[in-house]
Amino acid sequence: MGLDCHHADGAHPGLQGLALTHALGVAEARCTENQERLTPPRRRVLELLLRANGPLKAYDLIAAFGDRAPAKPPTVYRALDFLERLGFAHRIESLNAYVPCRLPDAAHSAAFLICDCCGAAEEFDPDFKAQMAAAEARGYEVRAVTLEARGLCPACRG
Ligand SMILES: [Zn+2]
Ligand SMILES: [Zn+2]
Ligand SMILES: [Zn+2]
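My aim in this report is to walk through the structure given alongside it, one point at a time. (Residues numbered from 1 in each chain as written. Chains lettered and ligands numbered in written order. Predicted model: local features only at pLDDT ≥ 70, side-chain atom pairs only at ≥ 80, totals over all residues. Heavy atoms only, no water.)

**Concerning the overall build of the protein chain**
This is how it is decided: Counting from the N terminus, the helices are DSSP H or I runs at least four residues long and the strands are E runs at least two residues long. Residue contacts are defined here by distance: any two heavy atoms, one from each residue, within 4.5 Å place the two residues in contact. With residues, only the protein chains shown are counted as cover, and all accessible areas are computed by Shrake-Rupley using a 1.4 Å probe. Counted charges follow a simple rule, with Lys and Arg positive, Asp and Glu negative, and His plus the chain ends left uncounted. To locate a charge, take NZ of a lysine, CZ of an arginine, CG of an aspartate or CD of a glutamate.
Scanning the protein chain from N- to C-terminus turns up 6 helices and 5 strands. The N-to-C order of helical and strand elements in the protein chain reads α-α-α-α-β-β-β-β-α-β-α. Sequence-distant contacts in the protein chain: of pairs separated by 6 or more residues, those separated by 24 or more amount to 54%. Of the accessible surface of the protein chain, which amounts to about 9,900 Å², a share of 52% is contributed by carbon and sulfur atoms. Charge centroids of the protein chain, computed over 18 positive and 20 negative side chains, lie 6 Å from each other.

**Thoughts on the coordination of the zinc ion (ligand 2)**
Defined as follows: The donor set covers N, O and S atoms within 2.8 Å of the metal, switching to 3.2 Å for Na, K and Ca, and it leaves out water, so a site may look short of donors. Labels for metal geometry use angle windows, namely 85 to 135 degrees for all angles of a four-donor tetrahedral site, and for square planar (four donors) or octahedral (six donors) sites opposite donors over 155 degrees apart plus all others within 65 to 115; sites meeting none of these are irregular. Each residue gets one of three labels from its accessible area relative to the maximum for its type: buried under 20%, exposed over 50%, partly exposed in between, using a 1.4 Å probe on protein chains only.
Those protein atoms acting as donors to the zinc ion (ligand 2) are Cys115 (SG), Cys118 (SG), Cys153 (SG) and Cys156 (SG), and they sit at 2.3 to 2.4 Å. Coordination geometry of the zinc ion (ligand 2): the 4 donor atoms subtend angles of 104 to 116 degrees at the metal centre, consistent with an arrangement described as tetrahedral. All donor residues of the zinc ion (ligand 2) come from one chain, and their arrangement in sequence is C-x2-C-x34-C-x2-C. Between the two metals, the zinc ion (ligand 2) and the zinc ion (ligand 3), the spacing is 4.3 Å, and Cys156 donates to both. In this pair, Cys115 is assigned in strand E3 (residues 110-115) and Cys153 in the loop between strand E5 (146-151) and helix H6 (154-157), connecting sequence segments 38 residues apart. In this pair, the class of Cys115 matches that of Cys153, namely buried.

**Some words on unusual backbone geometry**
Phi angles above zero are rare outside glycine, and Gln35 is one such case at about 50 degrees. Accessibility expressed as a relative area gives 74% for Gln35, which makes it exposed. One non-glycine residue with positive phi stands out, namely Asn96, at about 50 degrees. Locating Asn96 in the fold gives a position in the loop between strand E1 (89-92) and strand E2 (97-100).

**Remarks on the packing of aromatic side chains**
Aromatic rings considered in pairs are described by the distance between their centres and by the relative angle of their planes. So the rule is basically this: Pairing of aromatic rings covers Phe, Tyr and the six-membered ring of Trp, with a centre-to-centre limit of 6.5 Å; geometry is then stacked below 30 degrees between planes, edge-to-face above 60, and tilted otherwise. The criterion is that NZ of a Lys, or CZ of an Arg, lies within 6 Å of the ring centre and within 35 degrees of the ring normal, and then a charge sits over that ring.
Applying the stated criterion across every chain yields a total of 0 aromatic pairs. The positively charged end of Arg42 is found above the aromatic ring belonging to Phe82, 3.6 Å away from the centroid.

**Quick look at the coordination of the zinc ion (ligand 3)**
Around the zinc ion (ligand 3), the protein contributes the donor atoms Cys5 (SG), His7 (ND1), Cys117 (SG) and Cys156 (SG), at 2.1 to 2.3 Å from the metal centre. Given 4 donor atoms and angles of 98 to 116 degrees at the metal, the environment of the zinc ion (ligand 3) is assigned as tetrahedral. Each donor residue of the zinc ion (ligand 3) belongs to the same chain, and together they define the spacing C-x1-H-x109-C-x38-C. Judged by relative accessible area, which is 48%, His7 ranks as partly exposed.

**Notes on the packing of helix H1 (residues 17-33) against helix H2 (residues 40-51)**
For the record, the criterion: Here the axes come from fitting lines to C-alpha atoms, over the contacting stretch only for helices, and the angles between their N-to-C directions go from 0 to 180 degrees. An angle counts as roughly parallel when it lies under 35 degrees, as roughly antiparallel when it exceeds 145, as roughly perpendicular when it falls between 65 and 115, and as oblique in every other case. In this scheme the handedness of a crossing depends on how the near helix is turned from the far one: anticlockwise by less than a right angle means left-handed, clockwise means right-handed. Gly is placed with the polar residues, together with every amino acid not listed as nonpolar (Ala, Val, Leu, Ile, Met, Phe, Trp, Tyr, Cys and Pro) or charged (Asp, Glu, Lys and Arg).
Between H1 and H2, the shortest axis-to-axis distance is 10 Å and the interhelical angle comes to 140 degrees. Put simply, H1 runs oblique to H2. For the crossing formed where H1 meets H2, the hand is right-handed. Residue-level inspection shows Leu20, Ala23, Leu24, Ala27 and Glu28 of H1 in contact with H2, the latter providing Arg43, Leu46, Glu47, Leu50 and Arg51. A class-by-class count of the residues in the contact of H1 with H2 yields 6 nonpolar, no polar and 4 charged.

Don't take any of this as a statement about function, it's just geometry.
Have a look at this one:
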């Protein structure tokens, strides 16, 4: 997380053990459904995102990728493209960092509550009906919306 915050220690834990194994299994099944493959590099990048306590930058992923040596950057960027395309991960523009998707359905608009103190980013299900209706009224076809709301998480407020 790279920020000097001690409010939120342990407040936003990544997945471990069975929960991690389960999440990777779900991803694998969804790949099969979509006739895609969760290749070892794709799986490794997803695992790193799921384990993390907060958003990770591409260079964090490159550094953590291998046991002995960092990954070649294109390997990680290609894996991230794939994970984003399948809806397993989202890029948070304002942080230039990635998080695993916490919501079940494949393609959706993403909304994040981002803590300016500890750097946590929590995904929630946005209700964009009014905005979508307004866009449609203007003749637009909207495919995806990303909302990034900044502030303080409960741990840092408390
Ligand atoms: Zn999501
Ligand atoms: Zn926080
Ligand atoms: Zn804090």
